[in-house]
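Commentary on secondary and tertiary structure
Given next are the chains, with one letter for each unit.
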Amino acid sequence: MKKVLCIIYPNFSLYEITTLTSTLALSFDVTIDYVASDNSIVISEDGLPCQPTKTLEQIRIEDYSCVILPGMANIGPALQDEKLNSFLKGLDKKEILIVAISSAPILLAKAGLLNDTKFTGGIWQNFFGYFGFLPRENFQPKLVVQDKNIITAIGFAHREFARKVILGLGLAENTDNYFKEQNEYAEEDLIYTLSDEEFDQVKQSIENRL
């Protein structure tokens, strides 16, 4: 499959997307490019400095199957980023999966991508009416919503978000093998054993780094 594009901007939330990005990379061997408006270090909302691998201007959208937008507690910098807004506007009518969690759907709305699209998100109701571009009539109070090629989710529903995106990309017909959260666990659920072949591969990867 093609690569996945994850856009990062000041104050972006790591925990909202890492369930998805780690599963894409580790379980499906998907390459993820972390892209920003410029090459400057981007600080996440919990203070982690992150170096983008590319800028938006260097992106060839045909190389990607999906665009991920993480949420952020302070939406100001991303909302005022005209390079980002212009890039998102360019996704209109493109055959690419666009996924946004928490407050990130506001960025899609500003770019005009939610005018005819149902969506959810961690969005203060006060923002409806304050932002003229945010269509209240399309908002649905649900954990995850998919409408056409756009998937949106509430921030705490990052597992459900990851499941929906993986299914939307056609990577699996069932995601239970990748997300095994339960209310209770038996002892055998918490004991892991590799096959001899798998263990040989692990040992080789360790020894190659010594």
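All of the points below concern the structure found in this document.

Thresholds applied
Residues numbered from 1 in each chain as written. Predicted model: local features only at pLDDT ≥ 70, side-chain atom pairs only at ≥ 80, totals over all residues. Heavy atoms only, no water. Helix = DSSP H or I, 4+ residues; strand = E, 2+ residues; numbered from the N terminus. Buried < 20%, exposed > 50% of the residue type's maximum accessible area, 1.4 Å probe, protein only. Contact = heavy atoms within 4.5 Å. Areas by Shrake-Rupley, 256 points an atom, 1.4 Å probe, with all protein chains shown as cover. Lys, Arg positive; Asp, Glu negative; His and termini not counted. Charge placed at Lys NZ, Arg CZ, Asp CG, Glu CD. Salt bridge = Lys/Arg side-chain N within 4 Å of Asp/Glu carboxyl O. Pairing = 2+ DSSP bridges. Axes fitted to C-alpha atoms, helices over the stretch in contact; angles between N-to-C directions. Core = buried A, V, L, I, M, F, W, Y, C linked by side-chain atoms within 4.5 Å.

Turning our eyes to something else, we now look at the overall build of the protein chain. Secondary structure assignment for the protein chain yields 7 helices and 9 strands. Summarising its shape, the C-alpha atoms of the protein chain cover approximately 60 × 40 × 35 Å along the three principal directions. Across the 210 residues that make up the protein chain, the buried fraction comes to 47%. Within the protein chain, counting contacts between residues at least 6 apart in sequence, those at least 24 apart form 66% of the total. Put simply, the protein chain shows about 11900 Å² of open surface, and 48% of that area lies on carbon and sulfur atoms. Considering the protein chain, the positive charge centre built from 19 side chains and the negative charge centre built from 29 side chains are found 9 Å apart.

In this section: the environment of Thr18. As for its position among the elements, Thr18 is in helix H1 (residues 15-28). Here the alpha-carbon distance between Thr18 and Arg159, two residues 141 residues apart in the chain, equals 9.6 Å.

What follows is about the pattern of salt bridges. Inspection of the entire model under this criterion finds 7 salt bridges. For Asp33, the salt bridge is made with Lys3, and the minimal N-O distance between the two is 2.9 Å. Linking Asp33 in strand S2 (residues 32-36) with Lys3 in strand S1 (residues 3-7), this pair joins segments that are 30 residues apart in sequence. Of the charged contacts in the structure, one is a salt bridge between Lys110 and Glu82, with a shortest N-O distance of 3.5 Å. Of this pair, Lys110 sits in helix H4 (residues 105-110) while Glu82 sits in helix H3 (residues 82-89), placing them 28 residues apart in sequence. Taken together, the shared-partner salt bridges in this structure form one network comprising Lys3, Asp33 and Lys54.

Spatial strand order, S5-S2-S1-S6-S7-S9-S8: 7 strands in an open sheet with mixed pairing. For this open sheet the edge positions go to strand S5 (54-55) and strand S8 (144-147), each flanked by a neighbour on one side alone. Across 4 bridges, strand S6 (residues 64-69) lies against strand S7 (residues 97-101) in parallel orientation. Bridged to Ile68 within S7 is Val99. The strands touched by helix H6 (residues 158-168) are S6, S7, S8 and strand S9 (150-153); relative to S7, the strand with the most contacts, the crossing angle is about 180 degrees.

A few words now on the environment of Glu160. Structurally, Glu160 is set in helix H6. A sequence separation of 131 residues divides Glu160 from Asp29, and the C-alpha atoms of the two residues are 20 Å apart. Those residues within four positions of Glu160 in sequence are excluded, and the remaining contacts are Leu143 and Val144.

Let's shift gears to the nonpolar core. In terms of nonpolar packing, the biggest core is built from 64 residues, with Tyr9, Leu69 and Leu88 touching the most fellow members. For Tyr9, the contacting residues outside a window of four places in its chain are Val42, Ile43, Leu69, Pro70, Met72, Ala78, Leu84, Ala104 and Leu107.

This part is about unusual backbone geometry. At Asn11, a position not held by glycine, the phi torsion is positive, near 75 degrees. Relative to the helices and strands, Asn11 resides in the loop between S1 and H1. A residue is classified by how much of its surface remains accessible, and Asn11, at 21% relative accessible area, is partly exposed. The phi angle at Ser102 is positive, at roughly 60 degrees, despite the residue not being glycine. Assignment of secondary structure puts Ser102 in the loop between S7 and H4.

Moving on, we come to the pairing of S8. Each regular strand carries side chains that alternate between the two faces of the sheet. Across the two faces of S8 the burial differs, with Val145 and Asp147 buried and Val144 and Gln146 not buried at all. Two elements, S8 and S9, share 4 bridges in a ladder whose sense is antiparallel. Bridged to Val145 within S9 is Thr152. In this antiparallel pair of consecutive strands, S8 and S9, the connection spans 2 residues, and Lys148 shows a positive phi of 60 degrees.

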